[in-house]
Amino acid sequence: MSCVTSAATQARAAGGPRAIVAGATGFTGALAAHLLWRHPDFELVAVTGRSELCRPLQEVYPRYRVPLAIEQLEPDRLEGIDAAVVAYPHAAAAPTVAMLRERGIRVVDLSADFRLRSLATYEHWYGAHPRPELLGEAVYGLTELHRAQIADAGIVANPGCYPTASLLALAPLARAGLIADVVIDAKQGISGAGRVFDESTHLSMAGENIVPYKVAAHRHTPEIEEQLALLAPAQGKDPADLRVQFQAHLVPLDQGEMASCYVTTTRPVQAEELREMYADAYAAEPFVEVVADPPGVLEVRETNYCRVFAAADEHTGKVIAFGAIDNLWKGTSSQALQNLNLMFGYPETRGLL
């Protein structure tokens, strides 16, 4: 970290936990920096990246107004740092997380490197794991499911955006042992592809179009299966017992995400039972809203909220459950801040309302 930022700029939330964002030039890293910069307690002291060096982040992302200059991540200058958000791609993130943990820094990792408990499953979907010895230290960071473990964690693996929407839509059914089979039809805005576009995510392909992608091969599938297995009444059952059919689609939105989940239940479920199940499951959750009508993504844009709705289909006997989030916020960066709040003893709503 070598670029110079004025002392006046650095004097932000002085006295709180000192934080950095590694990988702040991507969409999710930049938003995480924005949320930490305006947080009343955390002191964001550096934003790092592998491009745009020495440019203020607010020049790269003017909407976020973070004046810190983008720097290289230099391990020797990490003394006194308490927290880090790592916003690197999978495989690139794990070595950085390991380096930060060696210095006692608590980390929220936005990549897939620590989301899966099973090393074999990770290697099947992603290839060799760079730091497998750290898997046992990581806690899956879907706050509503693992709140107690997150509070004490050194590494929190922020969930994928699709699993966030899908799992919050399905969790009450999974806990009740009601999922025999599920098909998840998920749709997301183009920001989910990140800053680097290819032929399938370029704006000319996304406009006035709907494009399925990663057909029968989406890497979020095992993440959803593993977490649903942990929620089942016989906790720890083999995720292979429930195969999730997951399909993602790119839709012509900037940001926003909808997971539509079609569930074959293990027994008939009536509408009133379903309403009570979801109301009870989320009554105390500050960021999950059970709504009376199917939600839309504009209702949650630029918020940390997830809106869920479930209905019993009398014709087919299935349950249809929906989860709507902002993929950059609750799907990634604001959920990272929700987790950091828990890790450092703040109310999880702090800086997010």
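Remember, predicted model here, so these are calculated numbers, not experimental data. (Residues numbered from 1 in each chain as written. Predicted model: local features only at pLDDT ≥ 70, side-chain atom pairs only at ≥ 80, totals over all residues. Heavy atoms only, no water.)

S.K.: Can you walk me through the side chain of aspartate 113 in this structure?
M.R.: The residue aspartate 113 is located in the loop between β5 (106–109) and α5 (119–126) in this model. Here alanine 94 takes part through its backbone nitrogen, which lies 2.9 Å from a polar atom of the side chain of aspartate 113. Dropping the residues within four chain positions of it, aspartate 113 is found in contact with Pro89, His90, Ala91, Ala92, Ala93, Ala94, Tyr122, His129 and Leu135. (Helix = DSSP H or I, 4+ residues; strand = E, 2+ residues; numbered from the N terminus. Polar contact = N/O pair within 3.5 Å; in protein donor to acceptor, adjacent residues only side chain to side chain. Contact = heavy atoms within 4.5 Å.)

S.K.: What's the story with unusual backbone geometry in this structure? I'm lost.
M.R.: Only a minority of non-glycine residues have a phi that is not negative, and only a minority of peptide bonds are not trans. One non-glycine residue with positive phi stands out, namely cysteine 54, at about 70°. Residue position: cysteine 54 is located in the loop between β2 (43–48) and α3 (57–60). The phi dihedral of glutamate 302 is positive, around 55°, even though this residue is not glycine. Residue glutamate 302 is classed as partly exposed on the basis of its relative accessible area of 35%. (Buried < 20%, exposed > 50% of the residue type's maximum accessible area, 1.4 Å probe, protein only.)

S.K.: Is there a simple way to think about the packing of helix α7 (residues 161–175) against helix α10 (residues 271–282) in this case?
M.R.: What describes two packed helices is the angle between their axes and the distance between those same axes. Two elements in contact, α7 and α10, have axes separated by 9 Å at closest approach and are oriented at 115°. Here α7 is positioned roughly perpendicular relative to α10, judged by the angle of their axes. Like other packed secondary-structure pairs, α7 and α10 cross with a definite hand, here right-handed. On the side of α7, the interface is formed by Leu167, Leu168, Ala169, Leu170, Ala171, Pro172 and Leu173, while α10 contributes Leu274, Met277, Tyr278, Ala281 and Tyr282. Split into classes, the residues belonging to the contact of α7 with α10 amount to 12 nonpolar, no polar and no charged. (Axes fitted to C-alpha atoms, helices over the stretch in contact; angles between N-to-C directions. Parallel < 35°, antiparallel > 145°, perpendicular 65-115°, else oblique. Left-handed = near helix turned anticlockwise from the far one by under 90°. Nonpolar A, V, L, I, M, F, W, Y, C, P; charged D, E, K, R; others polar.)

S.K.: I'm lost on helix α11 (residues 329–343) in this one. Help?
M.R.: Owing to its 3.6 residues per turn, the α-helix aligns residues three or four sequence positions apart on the same side. Its 15 residues give α11 an end-to-end C-alpha distance of only 18 Å, which falls more than 12% under 21 Å, the value for a rise of 1.5 Å per residue. Counting buried residues in α11 gives 15 out of 15 residues, a clear majority hidden from the surface. Remark: glycine 345 follows α11 within two positions and exhibits a positive phi of approximately 80°. (Expected span 1.5 Å × (residues − 1).)

S.K.: Would you mind going over the pattern of salt bridges with me for this structure?
M.R.: Scanning the entire structure with this criterion turns up 19 salt bridges. Put simply, arginine 18 and glutamate 43 hold a salt bridge, and the shortest N to O gap is 3.7 Å. Remark: glutamate 43 occurs in strand β2 and arginine 18 occurs in strand β1 (residues 18–22); sequence separation between them is 25 residues. By relative accessible area, which is 31% here, arginine 18 ends up partly exposed. When salt bridges with common partners are traced through the structure, they connect Glu102, Arg103, Arg131 and Glu133 into a single cluster. (Salt bridge = Lys/Arg side-chain N within 4 Å of Asp/Glu carboxyl O.)

S.K.: Looking at this structure, I do not really get the confidence of the model for the protein chain. What am I missing?
M.R.: Low-pLDDT stretches of the model should not have their predicted coordinates read in fine detail. For the protein chain, the average pLDDT comes to 92, and 90% of its residues sit at 70 or higher. Within the model, pLDDT remains below 50 along residues 195–199, and this stretch shows 10 contacts once partners closer than five positions in the same chain are excluded. (pLDDT = per-residue confidence, 0-100.)

S.K.: Any chance you could explain the nonpolar core here in plain terms?
M.R.: One broad trend across soluble globular proteins is that nonpolar side chains are buried collectively. Residues Leu170, Leu173, Ile179, Ile184, Leu228 and Tyr278 are the most contacted members of the largest nonpolar core, which totals 40 residues. Within the residue set of this core, elements represented by two or more residues are α7, β8 (179–188), α9 (221–231), β10 (244–250), β11 (257–265), α10, β13 (306–312) and β14 (319–325). For this core, the element with the most residues is α7, which contributes 10 residues. If near-sequence neighbours (up to four positions away) are discounted, isoleucine 184 is found in contact with Ser166, Leu170, Ile224, Val244, Gln245, Phe246, Gln247, Ala259, Ser260 and Cys261. (Core = buried A, V, L, I, M, F, W, Y, C linked by side-chain atoms within 4.5 Å.)

S.K.: I would appreciate a short explanation of the sheet that holds strand β7 (residues 155–157) in the present structure.
M.R.: The strands making up a sheet associate through backbone hydrogen bonding, with each pair oriented either parallel or antiparallel. Here 7 strands make up an open sheet; going across it, the order is β3-β2-β1-β4-β5-β7-β6 and the pairing parallel. Both edges of this open sheet fall to β3 (70–71) and β6 (138–140), since each of them pairs with a single strand only. Where β6 meets β7, 3 bridges bridge the pair, whose relative direction is parallel. Each bridged residue has a counterpart across the sheet, and for alanine 138 the counterpart in β7 is isoleucine 155. Packed on one face of the sheet, helix α6 (residues 143–151) meets β5, β6 and β7 and runs near 155° to β6. (Pairing = 2+ DSSP bridges.)

S.K.: Any chance you could explain the environment of leucine 142 here in plain terms?
M.R.: Turning to its location among the elements, leucine 142 is positioned in the loop between β6 and α6. Residue class for leucine 142 comes out buried when judged on its relative accessible area of 0%. Separated by 104 residues in the primary sequence, leucine 142 and arginine 38 have C-alpha atoms spaced 23 Å apart.

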